[in-house]
Amino acid sequence: MPRFGSVCALAPCLLLAACAGAPTRTPGPPRSPDAVAVGTVQGREAASAWVGREATVEGRITASLRGADGAPGWLLQDAGDGEEATSDAIWITGPAAASLALGHAVRVHGRVYEAPHGRGSSLTALDAQRSEALPARAGKALGRLMPVAVAQPPQWSRLEGMRVRIAAPLTLAERDRKRGRLLVSFDGPLWQPTERAEPGSEAARAIAADNARRRLSLSGGEAALGATAFVARSGSRLDSVEGVVVPGEDGYVLHPDAAPTLHAAPRPAPPQVAGDLRIAAFNLENLFNGDGRGGGFPTLRGARTPAEYQAQLDKLVATIHALNPDVAALMELENDGYGPESTLAALVSALDRADAAVGGAQDWRFAAPCKQPCAQSQRGPGDNPIRVGLIYRSQRVAAQGVAAVLQQDPFGPLARVPMAQAFQALGPGGARGPAFVVAANHFKSKGCGNAEGADRDQGDGASCWNASRVDAARRLDAWLRRDPTASGSAMNLIVGDLNAHAQEAPLRTLYAAGWRDAFAVAGVQAPYSYVYRGELGRLDHALLSPALAPRLRGAAEWHVNADEPEEAGYRDGGGGPWRSSDHDPLLLGFDLQAH
């Protein structure tokens with residue numbers, strides 16, 4: 001992985017004009033007879049045709065740069081030769097580089113080579129044997145180098161090592177504090193290709209290629225990029241970005257001279273949806289409560305201390321209360337049974353305490369696949385360390401019978417065991433509406449550990465375990481068609497973390513079986529619930545049976561988590577509901593009361 005040192009700043013350049021298309025360059029002043037244009041050395045190809053040959057170049061030192069091996073060097077840029085297809089900058093290393101300094105106008109002689117920079121990339125360099133200052137007249141003729149104005153993502157190899165000014169707003173996609181980098185994009189946010197197109201299709205490949213074209217990294221840590229950029233929400237805007245651009249591990253990297261201007265994206269208010277009954281779905285990101293008595297930390301997942309657990313619980317309760325659902329499907333609960341010390345029971349108690357603090361109903365209950373009180377089992381259903389759950393407000397809905405679970409392959413050690421519960425909405429005077437069924441789900445993740453055969457990554461963008469997720473979708477559809485809750489209702493809802501984007505095979509399997517995407521039914525544009533490597537998409541879904549779809553009145557996601565930096569989470573002391581999980585919750589509104 002390349003590691004760059006600081007990029008030194010030049011005085012701000014004035015009178016820069018934005019460019020609407022590709023950057024244009026005009027030839028600079030004449031150079032000495034024995035000097036060659038840097039663009040000639042660079043050439044049009046990925047590697048210089050001058051490798052192994054000696055060259056003399058003239059230009060101004062614009063920035064310091066350390067290579068992948070930590071070797072120091074300087075970027076030299078000349079006034080250009082008017083050729084758009086070649087870079088006018090070269091990296092200067094070697095013995096004679098030690099005497100160079102920022103801003104110097106110099107002549108350098110050495111041997112041309114390609115220095116590895118990033119994954120499969122290189123930076124054309126000169127192993128300098130001699131260097132000298134240009135005469136004052138020549139230095140004055142070289143002038144102050146004007147950065148190339150870039151309004152659209154160019155072919156960055158043509159600007160390798162050069163000074164550029166981004167003459168367009170950039171969108172913050174992701175923060176990487178450990179590496180001191182920000183991932184940004186031209187022309188708005190990046191999208192997961194398989195959120196919008198079928199895996200392996202020409203359309204998906206086109207989205208991936210467009211993402212690569214629009215993606216850019218900014219490097220330099222807080223000192224160069226500003227501390228506020230690393231705690232800003234994804235979707236924030238960055239302006240006034242100027243510096244030098246070089247190849248990096250994940251594409252091209254721009255090293256700014258100064259912190260960009262940040263226009264922070266605001267935090268959204270909790271969503272509101274129409275209808276007389278509200279259903280939420282929420283991945284809790286590993287809620288584990290230790291032994292349920294204040295000990296047992298660190299846990300297998302989630303909180304490491306009792307204080308962290310309390311902070312996590314407070315955030316999750318704040319999120320659920322702000323959504324104000326009548327029923328909520330939950331994922332990534334500790335699989336520790338249904339007794340009074342279980343994580344599920346602790347969450348319901350915490351919700352009731354929050355109700356009591358504001359004079360609320362204190363009527364939270366949880367569904368279970370057995371009559372209350374359940375046996376004091378320490379696990380179940382299934383053998384996975386985490387499970388799904390269903391909670392509800394008993395003054396707003398009535399549970400009909402006990403919950404049903406589907407315990408057969410691939411549910412159990414791979415996908416979490418689905419749980420379905422029939423409910424009836426309670427109206428004025430206790431009148432009951434028609435029965436409806438909520439099925440909570442959490443399919444196998446995309447991580448490739450132990451994946452074999454058809455579950456291995458097929459290279460189409462769906463990642464690993466896709467075959468098992470398709471199998472889970474088929475079995476889930478067949479199970480719900482058999483009416484596992486014995487409710488007699490055709491109004492069914494599949495919700496949860498299906499670990500597949502909207503156009504991947506598990507979702508397409510369910511669409512083909514007649515299930516309808518609630519966000520499409522509600523006409524929601526560009527929904528997303530998760531940000532991975534700076535790309536937006538949905539892992540969390542709500543699918544309606546044909547009988548339930550006409551009852552939908554609204555659908556929304558609360559972007560309380562996916563866009564937030566990790567520093568807003570419970571481990572770093574962030575307050576409020578922000579970054580209570582890595583997934584955004586969704587909220588649906590239905591008309592389901594008796595009329």
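Residues numbered from 1 in each chain as written. Predicted model: local features only at pLDDT ≥ 70, side-chain atom pairs only at ≥ 80, totals over all residues. Heavy atoms only, no water.

Draft legend 1. Summary view of the overall build of the protein. Tallying secondary structure elements over the protein gives ten helices and 29 strands in all. With respect to the three principal axes, the spread of C-alpha positions in the protein is 95 × 45 × 45 Å. Across the 595 residues in the protein, those meeting the buried criterion constitute 57%. Put simply, 73% of the contacts in the protein that link residues at least 6 apart link residues at least 24 apart. Measuring between centres, the 60 positive side-chain charges of the protein sit 1 Å from its 63 negative side-chain charges. (Helix = DSSP H or I, 4+ residues; strand = E, 2+ residues; numbered from the N terminus. Buried < 20%, exposed > 50% of the residue type's maximum accessible area, 1.4 Å probe, protein only. Contact = heavy atoms within 4.5 Å. Lys, Arg positive; Asp, Glu negative; His and termini not counted. Charge placed at Lys NZ, Arg CZ, Asp CG, Glu CD.)

Draft legend 2. Here's a closer look at the sheet that holds strand 5 (residues 122-133). If you walk around this closed barrel you meet the five strands as 1-2-3-5-4, and the pairing is mixed. Across this sheet, the average inter-strand angle for adjacent strands is 55 degrees, counted without regard to direction. In this structure, strand 3 (residues 89-93) lies alongside strand 5, joined through three bridges in parallel fashion. Counted as the bridge partner of Ile92 is Leu126 from strand 5. (Pairing = 2+ DSSP bridges. Axes fitted to C-alpha atoms, helices over the stretch in contact; angles between N-to-C directions.)

Draft legend 3. Up close: the packing of helix 6 (residues 306-323) against helix 7 (residues 343-357). In the contact formed by helix 6 and helix 7, the axes pass within 10 Å of each other and the chain directions differ by 65 degrees. Where helix 6 crosses over helix 7, the two elements pack in a sense that is right-handed. Contacts between helix 6 and helix 7 involve Tyr309, Leu313, Val317, Ile320 and His321 on the former and, on the latter, Ala346, Leu347, Ala350, Leu351, Arg353, Ala354 and Asp355. Residue composition of the contact of helix 6 with helix 7, grouped by class: nine nonpolar, one polar and two charged. (Left-handed = near helix turned anticlockwise from the far one by under 90°. Nonpolar A, V, L, I, M, F, W, Y, C, P; charged D, E, K, R; others polar.)

Draft legend 4. Expanded view of the confidence of the model for the protein. With 94% of its residues at a pLDDT of at least 70, the protein reaches an overall mean of 92. No element of the protein has a lower mean pLDDT than helix 2 (residues 136-142), at 79, and none a higher one than strand 27 (residues 540-544), at 99. Across residues 1-22, where pLDDT falls below 50, the model places 61 contacts with residues more than four positions away in sequence or in other chains. (pLDDT = per-residue confidence, 0-100.)

Draft legend 5. Region of the structure containing the state of the cysteines. Taken as a whole and judged by the stated rule, the model has one disulfide. Covalent S-S linkage joins Cys448 and Cys464, the inter-sulfur distance amounting to 2.0 Å. Judged by the torsion about the S-S bond (95 degrees), the Cys448/Cys464 disulfide is right-handed. Placement of the pair is Cys448 in the loop between strand 22 (432-442) and helix 8 (466-481) and Cys464 in the loop between strand 22 and helix 8, with a sequence separation of 16 residues. Owing to a relative accessible area of 41%, Cys448 belongs among the partly exposed residues under this scheme. (Disulfide = S-S within 2.5 Å.)

Draft legend 6. Layout of the pairing of strand 11 (residues 215-219). Strand 11 sits mainly inside the fold: four of its five residues count as buried. Sheet topology places strand 9 (residues 181-186) next to strand 11; five bridges connect them, and they run antiparallel. Bridge pairing in strand 11 links Leu182 to Leu218. Across two bridges, strand 11 lies against strand 14 (residues 251-256) in parallel orientation. Counterpart to Ser217 in the pairing with strand 14 is Val253.

Draft legend 7. Looking closely at the nonpolar core. Leu330, Leu347, Ile391, Val438, Leu493, Leu588 and Phe590 are the most contacted members of the largest nonpolar core, which totals 68 residues. The residues touching Leu347, leaving out its near neighbours within four places in the chain, are Leu284, Leu287, Leu313, Val317, Ile320, Leu330 and Leu333. (Core = buried A, V, L, I, M, F, W, Y, C linked by side-chain atoms within 4.5 Å.)

Draft legend 8. Here's a closer look at helix 8. Over its 16 residues, helix 8 extends 23 Å from the first C-alpha to the last, a length consistent with the 22 Å expected when each residue adds 1.5 Å. Among all positions of helix 8, only Asn466, Ser468, Arg469, Val470, Ala472, Ala473, Leu476, Asp477, Trp479 and Leu480 are buried. On the buried face of helix 8, the contacting elements are strand 20 (397-405), strand 21 (419-426), strand 22, strand 23 (492-497) and helix 9 (505-512). The positive-phi residue at the C-terminal boundary of helix 8 is Asp483, with phi of around 55 degrees. (Expected span 1.5 Å × (residues − 1).)

Draft legend 9. Broad picture of the sheet that holds strand 21. Read from one edge of the open sheet, six strands run 20-21-22-23-27-24, paired in mixed fashion. What marks the edges here is a single partner per strand, and that holds for strand 20 and strand 24 (516-517). In this sheet, strand 23 lies alongside strand 22 in parallel orientation, the contact comprising six bridges. Directly across from Ala440, in strand 23, lies its bridge partner Val495. Its contacts with the sheet place helix 9 against strand 23, strand 24 and strand 27, and it is angled at close to 10 degrees to strand 27.

Draft legend 10. Spotlight on unusual backbone geometry. Residue Pro298 follows Phe297 across a cis peptide bond; omega there is 0 degrees. The residue Pro298 is located in the loop between strand 16 (277-287) and helix 6 in this model. Omega for the bond connecting Asp409 with Pro410 falls within 30 degrees of zero, at 5 degrees, which places this linkage in the cis form. Locating Pro410 in the fold gives a position in the loop between strand 20 and strand 21. Phi is positive for Trp465, which is not a glycine, with a value near 65 degrees. Structurally, Trp465 can be placed in the loop between strand 22 and helix 8. Its relative accessible area of 8% is what places Trp465 among the buried residues. Phi at Arg579 takes a positive value of approximately 55 degrees, unusual for a residue other than glycine. Here Arg579 is to be found in the loop between strand 28 (552-557) and strand 29 (586-590).

Draft legend 11. Inspection of the pairing of strand 28 at higher detail. Of all the six residues making up strand 28, five are buried; the element is thus mostly covered by neighbouring parts of the structure. Across five bridges, strand 28 lies against strand 29 in antiparallel orientation. By the bridge assignment for strand 29, Ala556 is matched with Leu587.

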